[in-house]
Amino acid sequence: MSGARQVKFYQVGSLAAGNRLLAPALRSGQADPDRSNALTCGHRACQGCGEALGARYVLDAAQRASGGKVIAVNATGCLEVFSTPYPETSWQLPWLHSLFGNAPAVAAGVAAALRAQGRTDVRVIGQGGDGGTVDIGLGCLSGMFERDDDVLYVCYDNEAYMNTGVQRSGATPPAARTATTQTGAPFGQGKSLPLIAMAHGIPYVATATVAGLRDLEAKVHRAMGMRGARYLHVLVPCPLGWGTASHDTVRVARLAERCGLFPVFEAVDGEVTDVTPIRRRIPVEEYLRPQKRYAHLFEPEVRTDVIARLQRAADRNVARFGLAEEEAP
Ligand code: SF4
C-alpha cells in the first residue's frame, strides 16, 4: 500500500487489529497510528477495567509528550498483575516492576541515574494503585515529593485493594462495602492524596477521571512539560470491586464528578489554579445507586442518614474547590 504507514498487528483477529484495516482517518482508539500503544492489547484486565483505560491514555500521552522516551516504574497491584503474567507483557516501553510500596523510590532512583548520565531527554513515570500509593507507598512518595525528584507519579485510584480481593484501602470512601468493611467503610477515614501532595508544595498536582480522557491527556502533557516531582490522581472505576456493569465504567466516573464526590482540579506550587466546573449537578444518590458496594444503603431500607452524610461531603467539595459552574474561577 503506497503512502500508508506500516502498522503492527499485536493480536490477530482482535477488534483493535481489525480496526487497523480501515483507512487511517477512520481508525479510532488503539488502532490510531499516532498512538504508541504503550499498554497494548492482550492483557488480562477485567472487561471494562477503568485502570487499564486510564493507564493506556496516560502512558500514550506521556510518550507523545516526550518523543517516546519514557521509563515507567510500576508498583505491585492490579495494573502490574494483569499486564505482566510471566513470561508475557503488554508493555511496549521500558517498564520496571517494583515492590508494592517502593515505586516512588525506585522511580526516583531511575531519575537520579539518568541525571548522573546527563540524560535529560528520558523521562520517568511512577505509577500504582491507591493501595500502593495512599497506604503502603506513602512514605516513599512523600520523600520523592520532598526531594522534588524529577518524576511524574500517577495514582490510578479504584478505591480499594482490588487485585487481592477488594479490601479497604486508605482511599476507600466512607460507607463503601469491601471485603473488610462488610457494613460499609467508616466515616472520617480515608485520605485525600492530592491535598497531601499539594501540602508538599510540589510543582504540579492534578486530578482526573476516565470520563474525561482528553482532560487526562492534557494534564499529562502539562506535567511532562515541567520538571521536578509531579502528581496525577486518576479515578478509575473497577467493575469487579464497585459492582458495576463493565459497560458503565465511564458513566460511573462521570457521575462521581457530577455529584461532587470526586473534584477535578489542577494545582501549581501548592495552590489550586483550575477546576473542572460541574454542569448539571446531580445528587450523590444517582452516583451511589448503580454500584453494588453501596447496595446496603438502599436495601432492606433506604439509609437516608448515611446518604445525607455523603451528600454533605460532596457539598463540601463543591464549596471548597468552587465546582458549581457559577462559582468556578
Ligand atoms: S479487579 Fe478491577 S482494577 Fe483489577 S483488573 Fe479487574 S476491573 Fe481492573
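Computed from a predicted model, the values in this text were never measured in an experiment. (Residues numbered from 1 in each chain as written. Predicted model: local features only at pLDDT ≥ 70, side-chain atom pairs only at ≥ 80, totals over all residues. Heavy atoms only, no water.)

Student: Would you explain the overall build of the chain in this entry?
Tutor: Helices and strands together make up the secondary structure of the chain, namely 12 helices and eight strands. Whereas a compact globule of 329 residues would reach a radius of gyration of roughly 20 Å, the chain reaches 20 Å, a difference of no more than 12%. Along the three orthogonal principal directions, the C-alpha set of the chain runs to about 65 × 45 × 40 Å. Taking all 329 residues of the chain together, 54% fall into the buried category. (Helix = DSSP H or I, 4+ residues; strand = E, 2+ residues; numbered from the N terminus. Rg over C-alpha atoms; globule rule 2.2 N^0.38 Å. Buried < 20%, exposed > 50% of the residue type's maximum accessible area, 1.4 Å probe, protein only.)

Student: What should I look at first to understand the UniProt feature "domain: Thiamine pyrophosphate enzyme TPP-binding" (unreviewed entry) in the chain in this one?
Tutor: UniProt tags residues 76-234 as "domain: Thiamine pyrophosphate enzyme TPP-binding" (unreviewed entry). For the annotated span residues 76-234, helix accounts for 35% and strand for 17% of the residues, and the straight-line distance between the end C-alpha atoms is 17 Å. (UniProt positions renumbered as here; feature names shortened; annotations may be inferred.)

Student: Can you help me understand the pairing of strand E4 (residues 152-157) in this one?
Tutor: Two faces belong to every sheet, and in a regular strand the side chains alternate between them. Most of E4 sits out of view: six of its six residues are buried. The alternating pattern of E4 places Leu152, Val154 and Tyr156 and Tyr153, Cys155 and Asp157 on opposite faces, both of which are buried. By the bridge criterion, five bridges tie strand E3 (residues 123-129) to E4 in an arrangement that is parallel. In the sheet register, Gly126 faces E4, and the bridge partner there is Tyr153. (Pairing = 2+ DSSP bridges.)

Student: Before we go on, may I ask you to explain the site of the ligand in this structure?
Tutor: Neighbouring the ligand are Ala45, Cys46, Cys49, Glu51, Cys78, Phe82, Asn158, Met162, Cys238, Pro239 and Leu240. Counting residues per element, the ones that place at least two in the shell around the ligand are helix H3 (78-83) and helix H9 (239-242). Residues that form the shell around the ligand fall into these classes: nine nonpolar, one polar and one charged. (Near = heavy atom within 4 Å. Nonpolar A, V, L, I, M, F, W, Y, C, P; charged D, E, K, R; others polar.)

Student: Any chance you could explain the pattern of salt bridges here in plain terms?
Tutor: If charged atoms from side chains of opposite charge come close, those side chains can pair. Counted according to the given criterion, the structure contains 17 salt bridges. In this structure, Arg230 and Asp150 form a salt bridge, with 3.0 Å as the shortest nitrogen-oxygen distance. Of this pair, Arg230 sits in strand E6 (residues 230-235) while Asp150 sits in the loop between helix H6 (138-147) and E4, and the two are 80 residues apart along the sequence. Where Lys219 meets Asp215, a salt bridge forms, and the shortest distance between an N and an O atom there is 2.9 Å. Of this pair, Lys219 and Asp215 both sit in helix H8 (residues 213-224), four residues apart, which is roughly one turn of that helix. Given the relative accessible area of 3%, Lys219 is considered buried. Through salt bridges with shared partners, a single network forms among Arg123, Asp150, Arg227 and Arg230. (Salt bridge = Lys/Arg side-chain N within 4 Å of Asp/Glu carboxyl O.)

Student: Help me understand the environment of Asp305, please; the structure alone is not making it clear to me.
Tutor: Topologically, Asp305 is positioned in helix H12 (residues 304-321). Since its relative accessible area comes to 43%, Asp305 is described here as partly exposed. The spatial distance from the C-alpha of Asp305 to the C-alpha of Arg254 is 24 Å, given a sequence separation of 51 residues. Here the side chain of Asp305 touches Arg303 through a polar contact of 3.0 Å, side chain to side chain. (Polar contact = N/O pair within 3.5 Å; in protein donor to acceptor, adjacent residues only side chain to side chain.)

Student: Sorry, what's going on with the nonpolar core here?
Tutor: Side chains of a nonpolar character, in soluble globular proteins, are inclined to be buried together. The biggest cluster of nonpolar side chains holds 36 residues, and the ones touching the most others in it are Leu59, Leu93, Ile125, Val154, Tyr156, Leu216 and Leu232. Those elements that provide at least two residues to this core are helix H2 (50-65), strand E1 (70-74), H3, E4, strand E5 (204-209), H8 and E6. If you tally residues by element for this core, the top one is H2, at seven residues. Formed by 34 residues, the second largest nonpolar core is a distinct cluster that contains Ala107, Val110, Val205 and Tyr231. (Core = buried A, V, L, I, M, F, W, Y, C linked by side-chain atoms within 4.5 Å.)

Student: Just to check I follow, could you spell out H2 for this structure?
Tutor: Structurally, the α-helix is built with 3.6 residues per turn, so residues lying three or four positions apart point the same way. Here H2 spans 22 Å end to end across 16 residues, near enough to the 22 Å set by a 1.5 Å rise per residue. When you tally the buried positions in H2, you get 13 out of 16 residues, the bulk of the element. Remark: Gly67 follows H2 within two positions and exhibits a positive phi of approximately 65°. (Expected span 1.5 Å × (residues − 1).)

Student: Can you walk me through the sheet that holds E3 in this structure?
Tutor: In a beta sheet, neighbouring strands pair by backbone hydrogen bonds and run either parallel or antiparallel. The sheet built from eight strands is open, its strands ordered E2-E1-E3-E4-E6-E5-E7-E8 with mixed pairing. Of all strands in the sheet, those with a lone pairing partner are strand E2 (95-97) and strand E8 (271-275), marking the two edges. Recorded for the sheet is a direction-independent mean angle of 20° between the axes of neighbouring strands. Most of the contacts of H2 go to E4, to which it runs at about 160°, and overall it touches E1, E3 and E4. (Axes fitted to C-alpha atoms, helices over the stretch in contact; angles between N-to-C directions. Contact = heavy atoms within 4.5 Å.)

Student: Looking at this structure, how should I read the side chain of Thr133?
Tutor: Looking at the element boundaries, Thr133 is found in helix H5 (residues 130-136). Taking relative accessible area as the criterion, Thr133 reaches 1% and is therefore assigned buried. Here Gly129 takes part through its backbone oxygen, which lies 2.7 Å from a polar atom of the side chain of Thr133. In terms of polar contacts, Thr133 uses its side chain to reach the side chain of Tyr153, at 2.9 Å.

Student: Is there a simple way to explain the packing of aromatic side chains in this structure?
Tutor: What describes a pair of aromatic rings is the distance from one ring centre to the other and the angle between the planes of the rings. Across all of its chains, the model carries five aromatic pairs by this definition. Arranged with centres 5.6 Å apart and planes meeting at 15°, the rings of Trp91 and Trp95 form a pair that is stacked. Here Trp91 and Trp95 have matching classes, each one buried. With a centroid separation of 5.8 Å and an interplanar angle of 80°, the aromatic rings of Phe145 and Tyr231 are classed as edge-to-face. Placement of the pair is Phe145 in helix H6 and Tyr231 in strand E6, with a sequence separation of 86 residues. With respect to burial, Phe145 and Tyr231 carry one shared label: buried. (Phe/Tyr/Trp six-rings, centres within 6.5 Å; stacked < 30°, edge-to-face > 60°.)

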